[in-house]
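Coordinate inspection notes
If you want the building blocks of each chain, they are given just below.
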Amino acid sequence: MTPPKSPTPPPPPGGGPRATLARLDQYRNVLVPTVAVIALVIYFQSQTSSFVSADSAQNIQRQMAFLTVVALAGTFVILIGGIDLSVAANATLAGILIATWIDDFGGPLAIAMVIAVGALVGLVNGIITTWLKVPSFLVTLGMMSILNGISNSISDGGPVSYQSTLLQKLINDSTIPNVPNGALIAVVLTAIATVVAFATPFGRHLYAVGGNERAAGLSGVRVRAVKLAVFALAGAVAAIAGIIFTGQASTGVPMGADASLLNSIAAIVVGGTALSGGVGGPHRTLLGALVIVLLSSGMDITSVDPYTQLIVKGAVVIAAVALTIDRRRYGMIK
């Protein structure tokens, strides 16, 4: 089964303004974030000459490393028409666990254990969603609270320090000059996720479920199995994001990654992955993360106050959803 095509109708034959506009509409989910990146760079560079600089580029790469990975965790769930509001809390728990375990168990084993815990959390989300028929929004909203409670219990509400230097080398050092390893990890994960989405049977089934779950089931797709795998994958990737976060902070921070939830959803929808499911992909999330990081970094450099930044980011999410959502997937917009 191949992924469903975009519902956008083909452009009218011939030339003229109507045909041109129709062709642009077909590619709007890529054009909009691309234009946004260019516009943000031009605008913030006009406001401060330090925006386009080596130091700024390093800072943007560090921010993108974490945001891209935590947004990737939510991308697959959104592609099947669900949502995972617990990815940021899962990343926070992973950050606390890696800081707690890395000195006792050694780096490789601790990392493997943390990713396994993240996958288990995602699997629980998937089981409750698919077998008990509870909407993913409610399941993951509750899981977010549970994970925050666990994180604070483990850390006693304070930062967790560690002695190992493995995370410093793994996340903050540069295998490629001027490119932090964390950013490299984010790009590699995006590439792997994109291949999985577009070049494997699992990816084709994922898009089929997101496009029309009932039709996918009638076509032989094991819908429950796909959903369980997607939620478990989201949990594992969220755990990797938490490891990156702790490596960058050099300490485990309770609720440290929680603030990234809005930014991660913004990155997904700004990149062109529709909340209605079945449209988009991990490659677009990378582009969306770049837009959000440029916006955040630019507002920081130009001294926009934090409250105004929240207003701007909220408006960006609303605008992105309005542009990407497929209204034909819903009988009535409430």
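Reading the values: the criteria
Residues numbered from 1 in each chain as written. Predicted model: local features only at pLDDT ≥ 70, side-chain atom pairs only at ≥ 80, totals over all residues. Heavy atoms only, no water. Helix = DSSP H or I, 4+ residues; strand = E, 2+ residues; numbered from the N terminus. Buried < 20%, exposed > 50% of the residue type's maximum accessible area, 1.4 Å probe, protein only. Contact = heavy atoms within 4.5 Å. Areas by Shrake-Rupley, 256 points an atom, 1.4 Å probe, with all protein chains shown as cover. 1 Å grid on protein atoms, 1.4 Å probe; cavity = no way out; pocket = protein on both sides within 12 Å on 5 of 7 lines; lining within 4 Å. Points joined across faces, edges and corners; volume = space filled by probe spheres on them. Nonpolar A, V, L, I, M, F, W, Y, C, P; charged D, E, K, R; others polar. Expected span 1.5 Å × (residues − 1). Axes fitted to C-alpha atoms, helices over the stretch in contact; angles between N-to-C directions. Left-handed = near helix turned anticlockwise from the far one by under 90°.

When its secondary structure is counted, the protein shows 14 helices and 0 strands. Tracing the protein from N to C terminus, the helices and strands come up as α-α-α-α-α-α-α-α-α-α-α-α-α-α. Burial status across the protein gives 47% buried among its 334 residues. For the protein, the proportion of contacts with a sequence separation of at least 24, taken over those separated by at least 6, is 76%. Roughly 15,500 Å² of accessible area belongs to the protein as shown, and the carbon and sulfur atoms make up 67% of that amount.

Taking a probe equal in size to a water molecule and rolling it over the atoms shows the remaining empty space. This structure, assessed with the given rule, holds 1 cavity of 30 Å³ or more. Taken as a whole, the largest cavity encloses approximately 50 Å³ of empty space. Looking at the largest cavity, the residues that line it are Gly 74, Ile 78, Ile 83, Asp 84, Val 87, Leu 261, Ser 264, Ile 265 and Ile 268. If you list the elements that add at least two residues to the lining of the largest cavity, you get α3 (54–79) and α12 (260–270). The element contributing the most residues to the lining of the largest cavity is α12, with 4 residues. Along the lines of polarity and charge, the residues of the lining of the largest cavity split into 6 nonpolar, 2 polar and 1 charged.

Turning our attention to helix α5 (residues 107–131). Think of an α-helix as turning once every 3.6 residues; residues three or four places apart then point the same way. A rise of 1.5 Å per residue sets the reference length of α5, with its 25 residues, at 36 Å; its end C-alpha atoms lie 36 Å apart and thus fit the reference within 8%. All of the buried residues in α5 are Gly 107, Ala 110, Ile 111, Val 114, Gly 118, Val 121, Gly 122, Asn 125, Gly 126, Thr 129 and Thr 130. Looking at the packing, one finds that the buried side of α5 touches α4 (87–105), α6 (136–155), α7 (166–172) and α11 (223–249). Trailing α5 by a residue or two, Lys 133 shows a phi angle of about 60°, which is positive.

What follows deals with the packing of α5 against α11. Running from N to C, α5 and α11 cross one another at 145°; their axes reach a closest spacing of 7 Å. Crossing of α5 over α11 shows right-handed handedness. In the contact of α5 with α11, the residues fall into 14 nonpolar, 7 polar and 2 charged.

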